[in-house]
2 protein chains.
Amino acid sequence: MKQITGITKQESFRLSRMTDRTEEGAFVRAEGAVHRVRNLGEVVFVVLRQRDGLIQTVFDRKRFEESGEIREGGALRTEGRIRREGRAPGGAEIIVEKAQVLSVPAASLPLPVDRNIRTASLEARLDHRAISLRNMKERAVFRIQEGLVRGFRDYLYGQGFTEIHTPKLGAKGAEGGANIFKLSYFHKPAVLAQSPQFYKQMLVGVFDRVFETGPVFRAEKHNTRRHLNEYTSLDLEMGYIDSMEEIMETETEYLRYAMALLNREYERELKLLNCELPRIASIPALRFDEAKKLVAELYGRPARAPYDLEPEEEELIGRYGREHLNSDFVFITHYPSKKRPFYAMDDPEDSRFTLSFDLLCRGVEVTTGGQRIHDYGMLRKKMEARGMSEEGMEGYLEAFRCGMPPHGGLGIGLERLTVQLLGEDNVREGSLFPRDMGRLTP
Amino acid sequence: MKQITGITKQESFRLSRMTDRTEEGAFVRAEGAVHRVRNLGEVVFVVLRQRDGLIQTVFDRKRFEESGEIREGGALRTEGRIRREGRAPGGAEIIVEKAQVLSVPAASLPLPVDRNIRTASLEARLDHRAISLRNMKERAVFRIQEGLVRGFRDYLYGQGFTEIHTPKLGAKGAEGGANIFKLSYFHKPAVLAQSPQFYKQMLVGVFDRVFETGPVFRAEKHNTRRHLNEYTSLDLEMGYIDSMEEIMETETEYLRYAMALLNREYERELKLLNCELPRIASIPALRFDEAKKLVAELYGRPARAPYDLEPEEEELIGRYGREHLNSDFVFITHYPSKKRPFYAMDDPEDSRFTLSFDLLCRGVEVTTGGQRIHDYGMLRKKMEARGMSEEGMEGYLEAFRCGMPPHGGLGIGLERLTVQLLGEDNVREGSLFPRDMGRLTP
């Protein structure tokens, strides 16, 4: 019988751990994927890709030949001494004294991982996703994404929110409409969750404040650069609010928190991507009708859809934010009731509008939120007015029948937020393995 | 136009924020759900449920009558002065000077939320889940669960793991077998992910170390106290390992980290649930065949299934761990190849067994993990030997063809770990809204 006590092996050396000159000459072990091999005859440079950067190892000809098959894509363990070298990535290299091939690839890479991979089309990069992500810049996108979701949770833990895990399989979709995936669940009809909306509301009655970070599913029949059929939603819902502005305030503080976290702990990746994050002192909020009128007048684009913002209008609002409000973010509030789900709270001052909002980031919607109806009678009345059936919603309605505090919340599309911050032009760039109408693999 | 700058409203007073006597007599605003009303005639005690505990408010008869409908399940805002009172929950109460009813329930609660709710059956509690969770102990279970998943992420961030979000919709299941949910994806056959296995392995080639916390789907036709058809899986996968023990070491340290986090930040809930967490100095590891023989001999239970552990055997191993090894956790290693998926690495010393393990917590499996095959040729050979088709797996196989480091990982069932630590006897107690063969709502 063995006893497992904890981690005993020393970690692989990485350049990010080298803080000063004192480590020059130190004997270290470094592992990594073979990112690039440059064979100059008498000397061979093998650049290893590690999780936080590249490290150059230097072989003499004899050791390289004796070490076995060292090829791009393989995995290698080296031991040797550190030498300062200004031309090496990170300013140092390892003079190899011993090497062990950990893995040999069976084929060469279908894409140029160590060069500008964007010369390959998006389709090609997605077709070979496990390979294209080995490019330093491509993978950095998802380190930034990690910071965004990590910041969301950390900020909310600190604000007394409880993290929840709600089912993705259910009897009824929360958002209505046709964009819903259906399946058979032990011979019963079931759907995939379009959002955790019902559950997070029910749980406000339990924990007062809740959040979830998880997948949602939308069978949208749109194949645009803004749509995914499965995406990661950052959802929160909070009770005891007096207005929807409190939700917007919470989002503003989250964004500020996340930008600070990224600048602090993801500096390397931001630099690699040449990305400067927005500074958020405050976020301007325009009313829906006001914003619509404003861009129509200012940019000469007549409004066509009266109840919603078209993508081009959102873009123009983004331009307005940049040019006139000095802000990458703009809240749009008071969306028409017609285009919002039944659970949205109507504005008591004008019931054609709702106490709801979107947040645009550089002209693209990244968040939808608002205050919800908490009164049971009001909720049923609105469902009735819309001709909705209560079937499959008994548990949701029971929470309201037994009393719910005033509340509201929001959902942020993680992939959209990622690409908007990084200046990517297609939401697929922000998904490790995107799902769209034409893509179910890899 | 408004400017949203951040949170401006002062938070509701909560007893957990009261640190010393100096706050006696302070004028505060406290909100909460009406948890209990005790009307003594001249004086009425209204206990409010807040996210971190109960707080007693005291009304005189007149103010109570003038305040509107204050009923269990409703939501209330009070203002008043703090008074020390040993008999009140938390040792203090608020003498109400002003009250505002925020919400009035339309019906009384179907379950006794403020008393021992376990007098109601599990079925009844699950049928009315949004209500039964309002019970203080029921909801505390999910605060503990939060600590477990939060600890998982925090520990792994610190170890250089990258968080990933992988698709739940795909063309092929990772674990094989019949327990797979199928659906139509824009007229193409699709499945729900049984695990993020393929994706986390592919991404080890990108980030070296990855983890994911998300839902997985198993169409198991078992309606037992151990099975859920949708559960939350804590997955990690790490490269550059020399043995499966490194995975087990990482899990051991995670568990220690999580126990410390829970003891530090979830003390209130642990106390409420009367739960003492295991102390983990080390975790004993037994070989599969050794463990099987041992419980057969020690407890007189002849082994029947030669290639797997039956639930009763796991229970007996748990008993052995408690009685002889002084441990709530036991690793079982070297499972037979026949019962492990194709991607498991066979033991080079005896290929009938694999370099894989389970972790049992108090006699129930909570983790499956192990070293994986990283060599392309070996992987294809094993797939061929099992008669597997490569269809739908092209992207997975390409990662190996282009080179993968030695690696391994594990998946922890969050709900199982939660209930095993808390001594619950049914995994459904650890799921907010469980999904089983008979339950798709609420």
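Since the structure is predicted, the reported quantities are computational estimates derived from the model, not experimental observations.

## Focus: the overall build of chain A
- In terms of helices and strands, chain A carries 12 helices and 19 strands.
- With respect to the principal axes defined by its C-alpha atoms, chain A has extents near 80 × 65 × 40 Å.
- Counting only residues that meet the buried cut, chain A has 63% of its 442 residues in that class.
- Once local pairs closer than 6 in sequence are excluded, the contacts in chain A between residues at least 24 apart make up 65%.
- For chain A, the exposed surface amounts to about 17,200 Å²; the carbon and sulfur share of it is 47%.
- Charge-centre separation for chain A: the mean point of 67 positive side chains lies 5 Å from the mean point of 68 negative side chains.

## Structural notes on the relation of the copies chain A and chain B
- It takes a turn of 180° to lay chain A on chain B, together with a shift of 0.0 Å along the axis; the resulting RMSD is 0.0 Å. Such values leave the two copies arranged in the relation of a two-fold axis. Within chain A, A:Leu183 has its C-alpha nearest the rotation axis, a separation of 2.5 Å.
- Same-surface contact between copies: 100% of interface residues of chain A are shared with the interface of chain B.

## Here we look at the domain arrangement of chain A
- We note that the domain assignment places domain 1 (15-103) and domain 2 (136-168 + 194-430) within chain A.
- On a C-alpha basis, the centres of domain 1 of chain A and domain 2 of chain A stand 46 Å from each other.

## A word on helix H9 (residues 311-324) of chain B
All names here are of chain B.
- With 14 residues, H9 ought to run about 20 Å at 1.5 Å a step, and its terminal C-alpha atoms sit 20 Å apart, in line with that.
- Of the positions making up H9, those classed as buried are Glu313, Glu314, Leu316, Ile317, Gly318, Tyr320 and Gly321.
- Contacts made by the buried residues of H9 are with strand S13 (283-287), helix H8 (288-299), strand S14 (329-333), strand S17 (356-361) and strand S18 (364-371).
- Asn326 lies just past H9 and shows a positive phi near 55°.

## Quick notes on the sheet that holds strand S6 (residues 92-103) of chain B
Residues and elements named next belong to chain B.
- Strand order in this closed barrel of five strands is S2-S3-S4-S6-S5, and the pairing throughout is mixed. Taking the axes of each pair of neighbouring strands and ignoring which way they run, one obtains an average angle of 55° across the sheet.
- As defined by bridge partners, strand S5 (residues 75-84) adjoins S6 across 10 bridges and the pair is classed as antiparallel. By the bridge assignment, Arg77 is partnered in S6 with Gln100.

## Here we look at the interface of chain A and chain B
- With 126 residues of chain A in contact, the opposing surface of chain B contributes 126 residues.
- Together chain A and chain B conceal approximately 10,300 Å² of surface at their shared face, both sides included; 59% is due to carbon and sulfur atoms.
- There are 12 salt bridges connecting chain A and chain B.
- Of the charged contacts, one joins B:Glu246 and A:Lys9 as a salt bridge, the two residues approaching to 3.1 Å between their closest N and O atoms.
- Put simply, chain A and chain B have 70 residue pairs in polar contact (both at pLDDT 80 or more) between them.
- Sort the elements by how many residues they give to the side of chain A that touches chain B and helix H4 (residues 136-158) of chain A lands first, with 10 residues.

## What about the nonpolar core?
- Among the nonpolar cores identified, the biggest contains 146 residues, and A:Tyr254, A:Tyr396, B:Tyr254 and B:Tyr396 are the most heavily contacted of them.
- When residues in this core are grouped by element, the largest group, 10 residues, is from H4(A).
- With sequence-adjacent residues up to four places away left out, B:Tyr254 is seen in contact with B:Leu148, B:Gly151, B:Phe152, B:Tyr155, B:Leu234, B:Ile412 and B:Leu417.

## Some thoughts on the pattern of salt bridges
- Tallying each qualifying case throughout the model produces 106 salt bridges over all chains.
- In this structure, B:Glu138 engages B:Arg125 in a salt bridge whose closest nitrogen and oxygen atoms are separated by 3.1 Å. Remark: B:Arg125 occurs in helix H2 (residues 122-127) and B:Glu138 occurs in helix H4 (residues 136-158); sequence separation between them is 13 residues. As far as burial versus exposure is concerned, B:Glu138 and B:Arg125 are alike and both buried.
- Through salt bridges with shared partners, a single ionic network connects A:Arg143, A:Glu146, A:Arg150, A:Arg264, A:Glu265, A:Arg268 and A:Glu269.

## Some remarks on unusual backbone geometry
- Put simply, A:Thr441 and A:Pro442 share a cis peptide bond, and its omega is -10°.
- Structurally, A:Pro442 is set in the segment after helix H12 (414-422).
- Of note in the backbone geometry, A:His187 takes a positive phi value of approximately 70° without being a glycine.
- Mapped onto the elements of the fold, A:His187 is located in the loop between strand S9 (182-185) and strand S10 (188-192).
- For B:His334, which is not glycine, the phi dihedral falls at a positive 60°.

## So, the sheet that holds strand S5 (residues 75-84) of chain A
- Strand order in the closed barrel formed by five strands is S2-S3-S4-S6-S5 (chain A), with mixed pairing between adjacent strands. Geometrically, the sheet is characterised by an average inter-axis angle of 55° between neighbouring strands, direction not taken into account.

## Re the pairing of strand S4 (residues 53-60) of chain A
All names here are of chain A.
- By the criterion of burial, S4 is predominantly enclosed, with seven of the eight residues buried.
- Pairing geometry for strand S3 (residues 43-50) and S4, over eight bridges, is antiparallel. Its bridge partner being in S4, Arg49 is matched across the sheet by Leu54.
- Strand direction decides the pairing type here: S4 and strand S6 (residues 92-103), joined by three bridges, are parallel. Bridge pairing links Thr57 to Ile94 in S6.

## Points about the side chain of A:Arg125
- What makes A:Arg125 buried here is its relative accessible area of 3%.
- At a separation of 3.4 Å, a polar atom in the side chain of A:Arg125 contacts the main-chain carbonyl oxygen of A:Ala120.

## Thoughts on the state of the cysteines
Residues and elements named next belong to chain A.
- Counted by the stated rule, this structure contains zero disulfides over all chains.
- Looking at the unpaired Cys275, the closest cysteine sulfur is the one in Cys361, lying at 10 Å.
- Residue Cys275 is classed as buried on the basis of its relative accessible area of 14%.

## Focus on the packing of helix H5 (residues 197-207) of chain B against helix H11 (residues 394-401) of chain B
Residues and elements named next belong to chain B.
- For the pair H5 and H11, interaxial distance at closest approach is 10 Å and the crossing angle is 30°. Considered as vectors, H5 and H11 are oriented roughly parallel to each other. H11 is crossed by H5, and the crossing has left-handed handedness. Contacts between H5 and H11 involve Phe198, Gln201 and Met202 from the former and Gly395, Tyr396, Ala399 and Phe400 from the latter.
- For the contact of H5 with H11, a count of residues per class yields five nonpolar, two polar and no charged.

## Remarks on the environment of B:Leu298
Residue and element names in this part refer to chain B.
- Examined against the element boundaries, Leu298 turns out to sit in helix H8.
- We classify Leu298 as partly exposed; its relative accessible area is 43%.
- Distance from Leu298 to Tyr320, taken between C-alpha atoms, is 8.7 Å for residues 22 residues apart in sequence.
- When near neighbours in sequence (up to four residues on either side) are disregarded, Leu298 contacts Tyr320 and His324.

## Some remarks on the packing of aromatic side chains
Residues and elements named next belong to chain B.
- In the structure shown here, the tally under the stated rule is 32 aromatic pairs over all chains.
- When the centroid spacing of 5.2 Å and the interplanar angle of 90° are considered together, the rings of Phe152 and Tyr254 count as edge-to-face. With a gap of 102 residues between them, Phe152 in helix H4 and Tyr254 in helix H6 (residues 245-265) connect regions that are remote in the sequence. There is no split in this pair, since Phe152 and Tyr254 are both buried.
- Consider the rings of Phe342 and Tyr396, whose centres lie 6.2 Å apart with planes at 85°: the pair is edge-to-face.

## Topic: the packing of H4(A) against helix H6 (residues 245-265) of chain A
All names here are of chain A.
- In the contact formed by H4 and H6, the axes pass within 8 Å of each other and the chain directions differ by 130°. Taken together, the axes of H4 and H6 lie oblique to each other. Viewed along their axes, H4 and H6 form a crossing whose handedness is right-handed. Across from Ile144, Gly147, Leu148, Arg150, Gly151, Phe152, Asp154, Tyr155 and Leu156 in H4, the residues of H6 making contact are Thr250, Glu253, Tyr254, Tyr257, Ala258, Met259, Leu261, Leu262 and Glu265.
- For the contact of H4 with H6, a count of residues per class yields 11 nonpolar, three polar and four charged.

What counts as what
Residues numbered from 1 in each chain as written. Chains lettered and ligands numbered in written order. Predicted model: local features only at pLDDT ≥ 70, side-chain atom pairs only at ≥ 80, totals over all residues. Heavy atoms only, no water. Helix = DSSP H or I, 4+ residues; strand = E, 2+ residues; numbered from the N terminus. Buried < 20%, exposed > 50% of the residue type's maximum accessible area, 1.4 Å probe, protein only. Contact = heavy atoms within 4.5 Å. Areas by Shrake-Rupley, 256 points an atom, 1.4 Å probe, with all protein chains shown as cover. Lys, Arg positive; Asp, Glu negative; His and termini not counted. Charge placed at Lys NZ, Arg CZ, Asp CG, Glu CD. Least-squares fit on C-alpha atoms with pLDDT ≥ 70 in both. Domains from an automatic or database assignment. Expected span 1.5 Å × (residues − 1). Pairing = 2+ DSSP bridges. Axes fitted to C-alpha atoms, helices over the stretch in contact; angles between N-to-C directions. Buried area = accessible area lost by both parts, 1.4 Å probe. Salt bridge = Lys/Arg side-chain N within 4 Å of Asp/Glu carboxyl O. Polar contact = N/O pair within 3.5 Å; in protein donor to acceptor, adjacent residues only side chain to side chain. Core = buried A, V, L, I, M, F, W, Y, C linked by side-chain atoms within 4.5 Å. Disulfide = S-S within 2.5 Å. Parallel < 35°, antiparallel > 145°, perpendicular 65-115°, else oblique. Left-handed = near helix turned anticlockwise from the far one by under 90°. Nonpolar A, V, L, I, M, F, W, Y, C, P; charged D, E, K, R; others polar. Phe/Tyr/Trp six-rings, centres within 6.5 Å; stacked < 30°, edge-to-face > 60°.

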